[in-house]
Amino acid sequence: MPQGGDPPPSRPVALHSEDDRVLPFAVEALDLRGRVVRLGPTVNSILSHYAYPPQVARLLGEAVALAALLGSILESHGRFQLQTRSDGPVDMLVVDYDAPGKLRGFARFDADQVAEMRDASPAALFGRGHLALTIEREEDAARYQGVVPLEGESLAEAAHIYFRQSEQIPSFVRLAVAEIVTPQGRSWRAGGLLLQYLPPGGARARDLHPGDAPEGVEELLEENDHWTEGQALAATLEDHELVDPALSGERLLYRLFHERGVKVFAERAVEEFCRCSRERIDKLLKSFSPQERHDMIGDDGRIGVTCEFCGTLRSFDPADFD
């Protein structure tokens, strides 16, 4: 272990992608902070619980990657939830992140409508609605929620709106999802980049979006040169780079920011984990009235409960609640 002021131990740069990891980084010369997430088995498992059409799977995969980027702010305790509610064919997405790195998620959709919209954009699949981001901190029982409209063509654009309106932090978000075909079969991968401008004294007002200012004011604002350069560098990122299993997060960041120098920090592992359990469902069923439980009994004479997140079916004998 390093002692006192000793520098932290170094490690070789990974040659290949380390799956299911969030990699924090900083470009100190430009006052930039950020994270890169690369998801393999975790997102593939989440997307495989149900027979999601490809376009729905991609939306859910993006939501999982975004939740990993934002939820990893909670280092050891607490919970982060990303949820969309809308009037389109995909009327709900929910992704939970339990610190320090447990993910689960599901999508609710109208199969017939989605089948008729095979090439529809994310905006068309969502329709009109909102994106809610909720943080629950265990240490002080605090709960914070930000809600923004589902505007633009993607979840990344909705996230931009959130940071601009709720956090007032200049931010860049890029998300990518792809299905990889190998001799072993097909599997889903996802990746994401979050870049934020966080100067020591805070971003000046002229670095932020003018909000409801009169038309034309935005054109008169001069963005900070550091943030302008950071956005330009991040914009060169291609979707395939975020999901390429042969490209490590360190090498990806080096491609983007090597001219300015980029520092990476300890990776944070993520994994799929569902909070559902027989004990939790048993407690829930006991909270219903005898008549309500009777109405739940199926043709087999038992009460069946399926977890929306992981798809696990658990069967209960109604007599156990008498």
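Procedures and definitions
- Residues numbered from 1 in each chain as written.
- Predicted model: local features only at pLDDT ≥ 70, side-chain atom pairs only at ≥ 80, totals over all residues.
- Heavy atoms only, no water.
- Axes fitted to C-alpha atoms, helices over the stretch in contact; angles between N-to-C directions.
- Helix = DSSP H or I, 4+ residues; strand = E, 2+ residues; numbered from the N terminus.
- Contact = heavy atoms within 4.5 Å.
- Nonpolar A, V, L, I, M, F, W, Y, C, P; charged D, E, K, R; others polar.
- pLDDT = per-residue confidence, 0-100.
- Phe/Tyr/Trp six-rings, centres within 6.5 Å; stacked < 30°, edge-to-face > 60°.
- Lys NZ or Arg CZ within 6 Å of the ring centre and 35° of its normal.
- Pairing = 2+ DSSP bridges.
- Buried < 20%, exposed > 50% of the residue type's maximum accessible area, 1.4 Å probe, protein only.
- Arc of directions from axis to C-beta.
- Polar contact = N/O pair within 3.5 Å; in protein donor to acceptor, adjacent residues only side chain to side chain.
- Salt bridge = Lys/Arg side-chain N within 4 Å of Asp/Glu carboxyl O.

Colleague: What is the right way to read the packing of helix α2 (residues 54-71) against helix α5 (residues 155-167) from this model?
Modeller: Between two packed helices, what matters for the description is the angle formed by their axes and the separation of those axes. Between α2 and α5, the shortest axis-to-axis distance is 10 Å and the interhelical angle comes to 35°. Mapping the contact onto sequence places Leu59, Glu62, Ala63, Leu66 and Leu70 in α2 and Leu155, Ala159 and Phe163 in α5. Its residues assigned to classes, the contact of α2 with α5 comprises seven nonpolar, no polar and one charged.

Colleague: It is not clear to me how the confidence of the model for the protein should be interpreted in this structure. Could you clarify?
Modeller: Taken over all residues, the pLDDT of the protein has a mean of 88, while the share at 70 or more is 88%. Taken element by element, the predicted model of the protein shows its lowest mean pLDDT in helix α6 (residues 217-220) (40) and its highest in strand β5 (residues 102-109) (98). This model gives residues 1-10 a pLDDT under 50, and the stretch forms three contacts once residues within four places in sequence are excluded. Overall, residues 205-214 carries pLDDT values under 50, and its contacts beyond four positions in sequence, including any with other chains, amount to 17 contacts.

Colleague: Would you mind showing me how to read the packing of aromatic side chains here?
Modeller: How two aromatic rings sit relative to each other is given by the distance of their centres and the angle of their planes. Taken as a whole and assessed by the stated rule, the structure comprises seven aromatic pairs. Aromatic pair Tyr197 and Trp227: ring centres 6.2 Å apart, planes at 25°, arrangement stacked. Placement of the pair is Tyr197 in strand β9 (residues 185-197) and Trp227 in helix α7 (residues 225-234), with a sequence separation of 30 residues. Linked through ring pairs, Tyr50, Tyr52 and Phe109 together constitute an aromatic cluster. Above the plane of the ring of Phe273 lies Lys102, whose end atom (NZ or CZ) is 5.4 Å from the centre. Between the NZ or CZ atom of Arg104 and the centre of the ring of Phe309, over which it lies, the distance is 3.7 Å.

Colleague: How should I be thinking about the pairing of strand β13 (residues 303-306) in this particular structure?
Modeller: Looking along a regular strand, one sees side chains alternate from face to face of the sheet. As paired elements, β13 and strand β14 (residues 313-316) share four bridges and run antiparallel to each other. From the neighbouring strand, Thr306 faces β14, where its bridge partner is Leu313. Connecting β13 to the antiparallel partner β14 that follows it, the hairpin turn spans six residues, and Gly311 within it adopts a positive phi of roughly 75°.

Colleague: Mind showing me how you'd approach α7 here?
Modeller: In an α-helix, one full turn covers 3.6 residues, which means residues spaced three or four apart are oriented alike. Inspection of α7 places Trp227, Gly230 and Ala234 among the buried residues, and these make up the whole buried set. All buried residues of α7 project into a common sector of 60° when viewed along the axis, lining one side. Buried residues in α7 make contact with β2 (32-39), β8 (171-182), β9 and α9 (249-257). Regarding α7, its N-cap is Asn224, as a side-chain oxygen of that residue lies 2.7 Å from the backbone nitrogen of His226 further along.

Colleague: Before we go on, may I ask you to explain unusual backbone geometry in this structure?
Modeller: Working note: non-glycine residues mostly have negative phi, and peptide bonds are mostly trans. Following Ala99, the chain continues into Pro100 via a peptide bond in cis, with omega recorded as 10°. Tracing the backbone shows Pro100 in the loop between β4 (90-98) and β5. Unlike most non-glycine residues, Asp31 shows phi in positive territory, near 60°. As for its position among the elements, Asp31 is in the loop between β1 (21-27) and β2. In this structure Asp31 comes out as buried when scored by relative accessible area, which is 18%. Non-glycine residue Gln168 carries a positive phi angle of around 55°. Mapped onto the fold, Gln168 is located in the loop between α5 and β8.

Colleague: Just checking my understanding: could you explain the pattern of salt bridges for this structure?
Modeller: Think of it this way: side chains of opposite charge can pair up when their charged atoms draw near. Counted by the stated rule, this structure contains 14 salt bridges. The residue Asp96 makes a salt bridge to Arg275 at a minimum N-O spacing of 3.2 Å. Of this pair, Asp96 sits in strand β4 while Arg275 sits in the loop between β12 (271-272) and α10 (278-286); the two residues are 179 residues apart in sequence, bridging distant segments of the chain. Just as Asp96 is buried, Arg275 falls in that class too. The partner of Glu136 in a salt bridge is Arg143, and the shortest N-O contact between them spans 3.6 Å. The exposure class of Glu136 is partly exposed, given its relative accessible area of 32%. Taking relative accessible area as the criterion, Arg143 reaches 55% and is therefore assigned exposed. Each of Arg79, Asp96, Asp98, Arg104 and Arg275 takes part in a single network of salt bridges with overlapping partners.

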